[in-house]
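Notes for the structure review
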Amino acid sequence: MWDGCEYSLDVSGGWYDAGDYGKYVVNGGFAAWTLMNLYEWFPEAAPDNSLSIPEQGNDFPDVLDEARWEVEFLMSMQVPDGFELAGMAHHKVHDRVWGPLPMLPPASYDNDNDHTDDGIGRYLYAPTTAATLNLAAAAAQAARVWEEIDPVFAAECLVAAEKAWEAALENPTEFIGDTPGNGGGNYGDDVLVDEFYWAAAELYSTTGENVYLDFLKESPMLGSVLQYDWKDTSTLGSLALLTTIRELPDEINEALNTGLMTYADSLLEQQKDDGYGVL
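Residues numbered from 1 in each chain as written. Predicted model: local features only at pLDDT ≥ 70, side-chain atom pairs only at ≥ 80, totals over all residues. Heavy atoms only, no water.

Let's talk about the overall build of the chain
- Along its length, the chain carries eight helices and five strands.
- Written out in order from the N terminus, the α and β elements of the chain read β-α-α-β-β-β-β-α-α-α-α-α-α.
- Since a compact globule built from 279 residues should have a radius of gyration of about 19 Å, the 20 Å found for the chain is in line with a globular shape.
- Projected onto its principal axes, the C-alpha coordinates of the chain cover approximately 60 × 45 × 40 Å.
- Counting the 279 residues in the chain, one finds 47% classified as buried.
- Within the structure as shown, the chain displays about 14000 Å² of accessible surface, and the carbon and sulfur contribution to it stands at 52%.
- Distance between charge centroids for the chain: 1 Å, based on 11 positive and 50 negative side chains. (Helix = DSSP H or I, 4+ residues; strand = E, 2+ residues; numbered from the N terminus. Rg over C-alpha atoms; globule rule 2.2 N^0.38 Å. Buried < 20%, exposed > 50% of the residue type's maximum accessible area, 1.4 Å probe, protein only. Areas by Shrake-Rupley, 256 points an atom, 1.4 Å probe, with all protein chains shown as cover. Lys, Arg positive; Asp, Glu negative; His and termini not counted. Charge placed at Lys NZ, Arg CZ, Asp CG, Glu CD.)

See the structure below:
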């Protein structure tokens, strides 16, 4: 059971979850990746003034404005220096009990930290390795994406990403428990070999540093291309490497190309067996 931390963080911003007012790093990092990946593949897909969002008209692509809203939240969830588990990311933030729908979420909460009134307050929950690796991967990708657009923000993202990576290596088995089930979901994940691979791939694609390449060479997920979601993220790492400008050894390129073509062939076979020709 999570018994709290010695500090408070400003974790405003970011996206609410599907059906509640919780905010979760493990699906937030994955979702932010999809927008930044869209921009990397198709930079003209959602230019400035193309989306109905508050940040339009600021000379930045709207798709990146929206992604930044979440990336800034992810970085705000990082444990500050000087505290236990510094550099890790808190797994989630949500109310003590489920909020009623529909409602206008309050702008601030008067937390009852002594719990004299049952069910009152909004809290950070324990840092986890999964959340930390999501932060490392998404922030590393953001550092690459914003390098020419906003170098100051890009540098902040890279610092957060590298700090998160080191913290995850030092704390590889911090898993989420039932903390609590009431008031928010858990989004538990205790198989993190794919998240380590994804984070290393994004960090190598951004920095070109051999420490990440060496990690990738030893990863059992190398070349993995599968159906992906917030819990299964190895494909995100492979896609980052397949499109990287960094030089890759022949054995890594071969593993990536084999994984991609094998998965593509499996989708074609699946499509043939579907009466409507869809996946």
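The rest of the description comes next.
Some details on the packing of helix α2 (residues 62-76) against helix α3 (residues 129-145)
- Where α2 contacts α3, the two axes come as close as 10 Å, and the packing angle between them is 135°. By the angle between their directions, the pair α2 and α3 is classed as oblique. Seen along the crossing, α2 lies across α3 with a hand that is left-handed. Counting all contacts with α2, which are made through Leu-64, Val-71, Leu-74 and Met-75, the residues of α3 involved are Leu-135, Ala-138, Ala-142 and Val-145. (Axes fitted to C-alpha atoms, helices over the stretch in contact; angles between N-to-C directions. Parallel < 35°, antiparallel > 145°, perpendicular 65-115°, else oblique. Left-handed = near helix turned anticlockwise from the far one by under 90°. Contact = heavy atoms within 4.5 Å.)

What to know about the nonpolar core
- Counting 61 residues, the largest nonpolar core has Met-36, Val-71, Trp-146, Cys-157, Trp-165 and Leu-241 as its most contacted members.
- Of all the secondary-structure elements, those providing two or more residues to this core are α1 (25-41), α2, α3, α4 (151-170), α5 (193-207), α6 (210-218), α7 (234-242) and α8 (250-272).
- Of the residues forming this core, the biggest block, 12 residues, is contributed by α3.
- When residues no more than four places from it in sequence are discounted, the contact partners of Trp-165 are Leu-133, Ala-136, Phe-196, Ala-199, Ala-200, Leu-203, Tyr-212 and Phe-215. (Core = buried A, V, L, I, M, F, W, Y, C linked by side-chain atoms within 4.5 Å.)

With respect to the pattern of salt bridges
- Inspection of every chain in the model, using the stated rule, returns seven salt bridges.
- Between Asp-150 and Arg-68 there is a salt bridge, with the nearest N and O atoms lying 2.9 Å from each other. In this pair, Asp-150 sits in the loop between α3 and α4 while Arg-68 sits in helix α2, placing the two residues 82 residues apart along the sequence. The exposure classification of Asp-150 matches that of Arg-68, with both residues buried. (Salt bridge = Lys/Arg side-chain N within 4 Å of Asp/Glu carboxyl O.)

A word on the pairing of strand β3 (residues 92-95)
- Pairing geometry for strand β1 (residues 23-24) and β3, over two bridges, is antiparallel. Across the sheet, residue Tyr-24 finds its bridge partner in β3, namely Lys-92.
- Sheet analysis places β3 next to strand β4 (residues 122-124), joined by three bridges and oriented antiparallel. Residue pairing for β4: Val-93 is matched across the bridge by Leu-124. (Pairing = 2+ DSSP bridges.)

A few points about the packing of aromatic side chains
- Summed over all chains, the structure comprises 12 aromatic pairs.
- An angle of 75° between the planes, with centres 5.9 Å apart, marks the rings of Trp-165 and Phe-196 as edge-to-face. A residue pair is termed long-range when its members are at least 10 positions apart, and Trp-165 in helix α4 and Phe-196 in helix α5 qualify at 31 residues.
- Members of the aromatic cluster, each reached through a chain of ring pairs, are Trp-165, Phe-196, Tyr-212 and Phe-215.
- Positioned above the aromatic ring of Phe-153 is the side chain of Arg-68, whose terminal nitrogen or guanidinium carbon lies 3.8 Å from the ring centre.
- Cation over ring: Lys-92 sits above Tyr-125, and NZ or CZ is 5.1 Å from the ring centre. (Phe/Tyr/Trp six-rings, centres within 6.5 Å; stacked < 30°, edge-to-face > 60°. Lys NZ or Arg CZ within 6 Å of the ring centre and 35° of its normal.)

What to know about the sheet that holds β3
- As summarised here, the arrangement of the three strands in space is β1-β3-β4, forming an open sheet in which the pairing is antiparallel. Edge positions in the sheet fall to β1 and β4, since each has one partner strand and no second.

Points about the environment of Tyr-187
- Tracing the backbone through its elements, the reader meets Tyr-187 in the loop between α4 and α5.
- Note: C-alpha distance between Tyr-187 and Ala-131 (56 residues apart in sequence) is 9.9 Å.
- Not counting residues within four places of it along the chain, the set of residues in contact with Tyr-187 comprises Asp-17, Tyr-24, Val-26, Asn-27, His-91, Ile-176 and Trp-230.
- In this structure the side chain of Tyr-187 is engaged in a polar contact, spanning 3.3 Å, whose partner is the side chain of Asn-27. (Polar contact = N/O pair within 3.5 Å; in protein donor to acceptor, adjacent residues only side chain to side chain.)

Some points on unusual backbone geometry
- Unusually for a residue other than glycine, Asp-59 sits at a positive phi of about 70°.
- Relative to the helices and strands, Asp-59 is located in the loop between α1 and α2.
- Overall, the relative accessible area of 70% leaves Asp-59 in the exposed class.
- The residue Leu-85 is not glycine, and still its phi comes out positive at about 65°.

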